[in-house]
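# Chain and residue survey
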Amino acid sequence: MAHDHHDHDHGQAPPSDIALRVKALESLLVDKGLVDPAALDAIVDHFEHKVGPRNGARVVAKSWVDPDFRARLLADATAAVADLGYTGAQGEHMRAVENTSTIHNLVVCTLCSCYPWPVLGLPPVWYKSNAYRARTVIDPRGVLAEFGTVLPDEVAIRVWDSTAELRYLVIPERPVGTEELDEAALAALVTRDGMIGTARL
Amino acid sequence: MGGMHGLGPVAPEADEPVFHEGWEKRVLALVIASPTRGNIDAGRHQRESIPGPAYLGMTYYERWFAALRAMLVKGGFVTEGELESGLARGPKATPRLSAEAVPASLARQGSYLRDGTSAFRTGDRVRARNLHPTGHTRLPRYARGRAGVVEACHGAHVFPDSHAHGGGEDPRPLYTVRFAARELWGPQAPARDSVCLDLWEPYLEPA
C-alpha cells in the first residue's frame, strides 16, 4: 500500500501527507519570492492572539450598558464596531441582530463559511462543517438542540444565511441578575456561540 | 448545500483551539499572503470547482489548499512542474506582503459598496428567480423560485457572478430578503420561523 506511512496511532507519528505538501508549497513560494515567511508568522499570530470572540463580547457588553451605542450598533454595525477598533477582512459590512424574548437569531453560511473575523476571529470547525451548513436553514431547532439549546415554540427563529459580504453578529439578551456587573464583567459572560446564535446566555 | 439531508449531526467541540494542526495555520497564512489574493469571488469559485464527492470529504483547510495551488498555476505564479518538483525556476520576485505590513493589511477596512440605483424597496414582495448558472453564484439552490419580502436595501455591491469570472465588478443592488420557513420547506416548518438571505437584484423579480 502506497499510504502505509499514514499512521497516527504511535507516539512519534511522522508528518501527515498534507502537512508535507503544505510545507513544500510554502518552501516553493518563499524560494520564488512570492511570500515572506515572517509575514506568514505575523498572520498566524494575528488570528491566534489578536482577534477572537472577546472582541465581539466587548461589543455586546457595551450594547447592554450604553443605549446610545446599542442604537448605533443596530443602525450601522460597521461604524459602531469600527469605533471600538474592529475592522478588516470579513468585517467590511457588519450587521447586528438582537435577540428578544420572542425572537432568536442564528447565523450560518450555507455557500461557504462566511463569518465576522474582526469580532469573532476564525470560525470553529463545526461552523464550517457540511452538517451545519446544510441543516441550519432547514432544521434550526434540531441544530440548536445539538448545542443543548431548546427554544419554546413561541420564540421565532430567524436564520441569517450570509450569502453576500454582510457579516452578522447576534446580540444576545442580557442575562437576568447582572444589573450589578460592570462592562468588563458582562463581557466575560458573552460566549462565541451566543454571538453566532447556537447558544443563549 | 443548504437544506441537504444525510450529512450527519453537528459536532460542537468544547474549548476548540483556533487551529488543530500546524499546517492549517500555514495554509491560512499562505492564502492571505499569496499574490492570488484580492478577488474573494474568484477564490470562492475555485473552491466550489472542487468536484462534489471530493469536496464533501475534504476539510475546510484542505479545500483552501487545493484552491490555492490551482489559483497559483492559473495566475501564472508557479507552474505545474514547480508544484510537482518543489523546485523554483525563473527570476525571484519580491513578496507583496511584508511582515511589517501585516497588521495594517489585516485591519484595512475595504468595502464592496458601489454606486447604483435599487429597483426594490423595503417591504416589497419579491421572488428569487429560477436560475441555474453553471458558474459562480450566491443564490442558494434552496431559495430559487421562492417568494419573500425585502427586509433591507444595501445599495449596489460588487456582483459575484461577474466578478468571480473576470467580468469586472458589475455592481448590482443588494437586498436582505426574508423568506418564511414554510415557503422554503413546506407546511411542516414552524409558522413563525424565517430565513434571511442577502441577494443581488438580478436574482430577483417582483412577486
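Residues numbered from 1 in each chain as written. Chains lettered and ligands numbered in written order. Predicted model: local features only at pLDDT ≥ 70, side-chain atom pairs only at ≥ 80, totals over all residues. Heavy atoms only, no water.

Here the focus is the overall build of chain A. When you go through chain A residue by residue, the secondary structure sums to 10 helices and 4 strands. In terms of overall dimensions, chain A has C-alpha extents of about 60 × 35 × 35 Å along its principal axes. Buried residues in chain A amount to 58% of all 201 residues. Long-range pairs, those at least 24 residues apart, make up 67% of the contacts in chain A between residues at least 6 apart in sequence. On chain A, roughly 8,000 Å² of surface is accessible, and the fraction owed to carbon and sulfur atoms is 53%. (Helix = DSSP H or I, 4+ residues; strand = E, 2+ residues; numbered from the N terminus. Buried < 20%, exposed > 50% of the residue type's maximum accessible area, 1.4 Å probe, protein only. Contact = heavy atoms within 4.5 Å. Areas by Shrake-Rupley, 256 points an atom, 1.4 Å probe, with all protein chains shown as cover.)

Residue and element names in this part refer to chain B. Here the structure, examined in full by the defined rule, presents 16 aromatic pairs over all chains. Ring centres 6.0 Å apart and planes at 70° place the aromatic pair Tyr61 and Trp64 in the edge-to-face group. In this pair, Tyr61 and Trp64 are both assigned in helix α4 (residues 60–74), 3 residues apart and thus about one turn of the helix distant. Measuring from ring centre to ring centre gives 5.3 Å for Tyr142 and Trp185, while their planes differ by 20°; the resulting arrangement is stacked. Note that Tyr142 is positioned in the loop between β2 (125–128) and β3 (147–157) and Trp185 in helix α8 (residues 181–185), a separation of 43 residues in sequence. (Phe/Tyr/Trp six-rings, centres within 6.5 Å; stacked < 30°, edge-to-face > 60°.)

Here we come to the pairing of strand β1 (residues 93–98) of chain A. Residues and elements named next belong to chain A. Of all the 6 residues making up β1, 5 are buried; the element is thus mostly covered by neighbouring parts of the structure. Here β1 runs beside strand β4 (residues 166–171); their pairing, made up of 6 bridges, is parallel. In the sheet register, His93 faces β4, and the bridge partner there is Leu166. (Pairing = 2+ DSSP bridges.)

Our next topic: the nonpolar core. Core analysis: the biggest nonpolar cluster contains 107 residues, and Phe47, Val59, Leu73 and Tyr132 of chain A together with Leu28 of chain B have the highest contact counts within it. Apart from residues lying up to four places away in sequence, Val59 of chain A is in contact with Phe69, Leu73, Val81, Leu84, Tyr86, Val119 and Leu169 of chain A. (Core = buried A, V, L, I, M, F, W, Y, C linked by side-chain atoms within 4.5 Å.)

Across the boundary between the two partners, chain A contributes 77 residues, which contact 91 residues of chain B. The contact between chain A and chain B buries some 7,100 Å² in all, and 62% of this surface belongs to carbon and sulfur atoms. Across the chain A-chain B interface, the total number found is 7 salt bridges. With a shortest N-O distance of 3.1 Å, Glu48 of chain A and Lys25 of chain B are connected by a salt bridge. Taken together, chain A and chain B are joined by 31 residue pairs in polar contact (both at pLDDT 80 or more). If you list the elements that add at least two residues to the side of chain A that touches chain B, you get α1 (17–31), α2 (37–50), β1, α7 (130–135), α8 (140–146), β3 (156–161) and β4 of chain A. The element that contributes the greatest number of residues to the side of chain A that touches chain B is α2 of chain A, accounting for 11 residues. For the side of chain A that touches chain B, the class distribution of residues is 43 nonpolar, 14 polar and 20 charged. (Buried area = accessible area lost by both parts, 1.4 Å probe. Salt bridge = Lys/Arg side-chain N within 4 Å of Asp/Glu carboxyl O. Polar contact = N/O pair within 3.5 Å; in protein donor to acceptor, adjacent residues only side chain to side chain. Nonpolar A, V, L, I, M, F, W, Y, C, P; charged D, E, K, R; others polar.)

Residues and elements named next belong to chain A. Summarising burial for β3: 5 of the 6 residues are buried, a large majority. Pairing of strand β2 (residues 103–108) with β3 involves 6 bridges; the strand directions are parallel. Each bridged residue has a counterpart across the sheet, and for Asn105 the counterpart in β3 is Arg158.

Attention now moves to the packing of α1 of chain A against α4 of chain B. Two numbers describe how α1 of chain A lies on α4 of chain B: the axes approach to 12 Å, and their chain directions differ by 35°. In this structure, α1 of chain A crosses over α4 of chain B, and the sense of that crossing is left-handed. Mapping the contact onto sequence places Ile18, Arg21, Val22, Leu25 and Leu29 of chain A in α1 of chain A and Glu62, Phe65, Leu68, Arg69 and Leu72 of chain B in α4 of chain B. (Axes fitted to C-alpha atoms, helices over the stretch in contact; angles between N-to-C directions. Left-handed = near helix turned anticlockwise from the far one by under 90°.)

In low-pLDDT regions, the fine details of the predicted coordinates are not to be read closely. For chain B, mean pLDDT is 97; residues scoring 70 or higher make up 100% of the total. Confidence estimates for the predicted assembly give a pTM of 0.95 and an ipTM of 0.97. (pLDDT = per-residue confidence, 0-100.)

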